[in-house]
Amino acid sequence: MTPRTKSSLLWGLVGALAFLVLVQGYDLLAGLSVGFVARVAVAVVVGSAAAGLSYRLAPRFRAKGRT
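Report follows, based on the coordinates. (Residues numbered from 1 in each chain as written. Predicted model: local features only at pLDDT ≥ 70, side-chain atom pairs only at ≥ 80, totals over all residues. Heavy atoms only, no water.)

## Regarding the pattern of salt bridges
Item 1. Scanning the model with the defined rule gives one salt bridge in all.
Item 2. Linking Arg 39 and Asp 27 is a salt bridge whose minimum nitrogen-to-oxygen distance equals 3.1 Å. Of the two residues, Arg 39 is situated in helix α2 (residues 36-63) and Asp 27 in helix α1 (residues 3-30); the sequence distance between them amounts to twelve residues.
Item 3. We classify Asp 27 as partly exposed; its relative accessible area is 21%. (Salt bridge = Lys/Arg side-chain N within 4 Å of Asp/Glu carboxyl O. Helix = DSSP H or I, 4+ residues; strand = E, 2+ residues; numbered from the N terminus. Buried < 20%, exposed > 50% of the residue type's maximum accessible area, 1.4 Å probe, protein only.)

## A short note on the packing of aromatic side chains
Item 1. Scanning all chains against the criterion turns up zero aromatic pairs.
Item 2. Looking at Arg 4, its charged tip hangs above the ring of Tyr 55, at a distance of 4.0 Å from the centre. (Phe/Tyr/Trp six-rings, centres within 6.5 Å; stacked < 30°, edge-to-face > 60°. Lys NZ or Arg CZ within 6 Å of the ring centre and 35° of its normal.)

## Here we look at the packing of α1 against α2
For any two helices packed against each other, the geometry is given by the interaxial angle and the distance between the axes.
Item 1. Orientation of α1 relative to α2, taken along the N-to-C sense of each, is 145 degrees, at an axis distance of 7 Å. At the point where α1 passes α2, the crossing takes the right-handed sense. Touching Arg 4, Thr 5, Ser 8, Trp 11, Gly 12, Gly 15, Ala 16, Phe 19, Leu 20, Val 23, Gln 24 and Asp 27 of α1 are Arg 39, Val 42, Ala 43, Val 46, Gly 47, Ala 50, Ala 51, Ser 54, Tyr 55, Arg 56, Ala 58 and Pro 59, all from α2.
Item 2. Residue classes in the contact of α1 with α2 are distributed as 13 nonpolar, seven polar and four charged. (Axes fitted to C-alpha atoms, helices over the stretch in contact; angles between N-to-C directions. Left-handed = near helix turned anticlockwise from the far one by under 90°. Contact = heavy atoms within 4.5 Å. Nonpolar A, V, L, I, M, F, W, Y, C, P; charged D, E, K, R; others polar.)

None of this, on its own, says anything about what the molecule does.
Encoded structure:
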């Protein structure tokens, strides 16, 4: 696995977990009525988007010296 792929997958994991933490906090404060499966499904979408964007934009950030 290349470092670029590994980095992108880790950013996807961070994005998914961050989303789940935010949803849990909102649930504790406001009483969200969304099921567990729906939360996980959206977290997978958020994680996939974060991984895809970080993979796609990695060369651009590296060229600008932001890695």
